[in-house]
Amino acid sequence: MSKASNMMRWGRKDPELYVLASIYAAIFGAAGYHLGKKGGNAKPEANVQIPQEGMPWHQDGEGEEGGNFKYLYHPGGDPRNPPKEAPGALHSHTVMASLPKDLYEKFNKSID
């Protein structure tokens, strides 16, 4: 018996699998087309326009401790817009929790 006749016998036994196989083929075909056509075009950093003096080391500060050293960028990628400060990379969150007094005193220190 050849492989083709085995496949035909399998198809006669479970005909609903033909529908399922065609759906899978369509899904993978559409995904492959989309990723092949548009998957490599996503570059969100391409629209970021950095001003000439936009790096932190180009800015004047009050020394290492008190300076306001931030990256700058042109909003919307348009150099005609005035430069804005880029958002910080570090985020902090406040969480309310009930702690025993000794742990509260240990962990409730200001990071300033």
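In what follows, the accompanying structure is described.

Conventions we followed
- Residues numbered from 1 in each chain as written.
- Predicted model: local features only at pLDDT ≥ 70, side-chain atom pairs only at ≥ 80, totals over all residues.
- Heavy atoms only, no water.
- Helix = DSSP H or I, 4+ residues; strand = E, 2+ residues; numbered from the N terminus.
- Buried < 20%, exposed > 50% of the residue type's maximum accessible area, 1.4 Å probe, protein only.
- Contact = heavy atoms within 4.5 Å.
- Salt bridge = Lys/Arg side-chain N within 4 Å of Asp/Glu carboxyl O.
- Phe/Tyr/Trp six-rings, centres within 6.5 Å; stacked < 30°, edge-to-face > 60°.
- Patch = residues over 30% accessible without salt bridge, like charges linked within 9 Å, V, L, I, M, F, W, Y side chains within 5 Å.
- Areas by Shrake-Rupley, 256 points an atom, 1.4 Å probe, with all protein chains shown as cover.

A closer look at the overall build of the protein chain
And step 1. Scanning the protein chain from terminus to terminus reveals 3 helices and 2 strands.
And step 2. Walking the protein chain from its N terminus toward its C terminus, one meets helices and strands in the order α-α-β-β-α.
And step 3. Each of the 112 residues in the protein chain was classed as buried or not, and the buried ones make up 7%.
And step 4. Sequence separation of at least 24 residues holds for 16% of the intrachain contacts in the protein chain that already meet a minimum separation of 6.

A short note on the pattern of salt bridges
And step 1. Counted according to the given criterion, the structure contains 1 salt bridge.
And step 2. Between Asp 78 and Arg 80 there is a salt bridge; the shortest N-O distance is 3.0 Å.
And step 3. By relative accessible area, Asp 78 is classed as partly exposed at 22%.

Details of the packing of aromatic side chains
And step 1. Taken as a whole, this structure holds 1 aromatic pair when the rule is applied.
And step 2. Ring centres of Tyr 24 and Phe 28 lie 6.3 Å apart, and the angle between their planes is 20 degrees; this geometry places the pair in the stacked category. A residue pair is termed a helical-turn pair when its members lie 3 or 4 positions apart in one helix, as Tyr 24 and Phe 28 do in helix H2 (residues 16-38) at 4 residues.

Observations regarding a nonpolar patch on the surface
And step 1. Together, Met 7, Met 8, Trp 10 and Tyr 18 line one region of the surface with nonpolar side chains, adding up to about 420 Å² of accessible area.
And step 2. Broken down by element, the nonpolar patch gets its largest block of residues, 3 residues, from helix H1 (residues 3-13).
And step 3. Within the secondary structure, Trp 10 is located in helix H1.
And step 4. Residue classification places Trp 10 among the partly exposed positions, given a relative accessible area of 35%.

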